[in-house]
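# Architecture at a glance
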Amino acid sequence: VFAGMNGSAIENFSCMIYNISFMNCTWQAGRDAPGDTQYFLYWKNSRYDDAMECEFYIKDENGRNTGCRFQNVKIEAEKAYFLVNGSSKDSLIQFYDEYIELYEIEILTPPLNVTVNCTRDPAGCIITWQPPLTSHMEKVDCFAYEISIQKK
């Protein structure tokens, strides 16, 4: 049973990891949340970690927290846990929680050191690169690549 007024929990929660160790999470205020509702995000990277509150909130034009920026995020082997609760003078606010596999929300950097060597040989060109940087992937064979060749 969720304590709090129906429609007061946040909506459209989403997170993404970018540039190896940065994460942004965003949400919208509950459609029926009182105007003075303020939201607070807590997360745990694994069951062994302590819950941490967001340090860098993203605020809307009314000063309401609608997102969070994280630094030094490390992707662990298990799902991370996110909880957003809220407070209001007018009523109790429902909480929102979700478990997320962080590797599924990572936007990878492009491959590094891409080189193309073409000869007149019928075999064409040899393209080489190094895998993108990531905080969690040690096996390079876990990556799949797609090459788009366009004649100019």
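Everything here concerns the structure above.
Rules and cut-offs
- The residue count restarts for each chain, going from 1 along the sequence in the order it is written.
- Under the rules for a predicted model, residues below a pLDDT of 70 receive no local features and side-chain atom pairs below 80 are neither given nor counted, while totals for whole chains, interfaces and linings still include all residues.
- The side-chain numbers reported here are obtained from all heavy atoms of the structure, hydrogens and water having been left aside.
- Numbering of helices and strands runs from the N terminus; a helix is a DSSP stretch of H or I covering at least four residues, while a strand is a stretch of E covering at least two.
- Any two residues whose heavy atoms approach within 4.5 Å at even a single point are treated as in contact.
- Note on ring pairs: Phe, Tyr and Trp rings are taken, using the six-membered ring of Trp, and paired if centres are within 6.5 Å. Classes follow the plane angle, with under 30 degrees stacked, over 60 edge-to-face and the rest tilted.
- For every residue, the accessible area (1.4 Å probe, protein chains only) is compared with the maximum for its type, and the residue is labelled buried under 20%, exposed over 50%, or partly exposed between those bounds.
- Only four residue types enter the tally: Lys and Arg on the positive side, Asp and Glu on the negative side; His and the chain ends are excluded.
- Salt bridge, as applied in this entry: a Lys or Arg side-chain nitrogen positioned within 4 Å of an Asp or Glu carboxyl oxygen.
- Side-chain atoms alone can form a polar contact between residues adjacent in sequence; in general such a contact is a pair of N or O atoms within 3.5 Å, and within protein one must be able to donate a hydrogen while the other accepts it.

Structurally, glutamate 101 is set in the loop between strand E8 (96-100) and strand E9 (112-118). With 24 residues separating them in the primary sequence, glutamate 101 and alanine 77 have C-alpha atoms 8.3 Å apart. Among all residues touching glutamate 101, those that are not within four sequence positions of it are Ala77, Glu78 and Lys79.

On inspection of all chains with the given rule, the structure shows 10 aromatic pairs. Taking the centre distance of 6.4 Å and the plane angle of 80° together, the rings of phenylalanine 40 and tyrosine 57 count as edge-to-face. On the criterion of sequence distance, the pair formed by phenylalanine 40 in strand E3 (residues 38-44) and tyrosine 57 in strand E5 (residues 56-59) is long-range, its members being 17 residues apart. Taken together, a centroid distance of 4.8 Å and an interplanar angle of 45° make the contact between tyrosine 81 and tyrosine 99 tilted.

What follows concerns the side chain of glutamate 106. Positionally, glutamate 106 belongs in the loop between E8 and E9. Look at glutamate 106: it is buried, it has no salt bridge, and the nearest opposite charge is lysine 74 at 10 Å. A polar contact of 3.2 Å, which involves the side chain of glutamate 106, links it to the side chain of threonine 134. Beyond its immediate stretch of four places on either side in the chain, glutamate 106 contacts Ile17, Ile20, Ile75, Thr134 and His136.

One non-glycine residue with positive phi stands out, namely asparagine 19, at about 50°. For asparagine 19, the location among the structural elements is in the loop between strand E1 (11-18) and strand E2 (22-28). Residue isoleucine 20 is not a glycine yet carries a positive backbone phi of 75°. Looking at the secondary structure, you find isoleucine 20 in the loop between E1 and E2. Note on isoleucine 20: relative accessible area 25%, which makes it partly exposed.

Take it as geometry only, folks, not as evidence of what the structure does.
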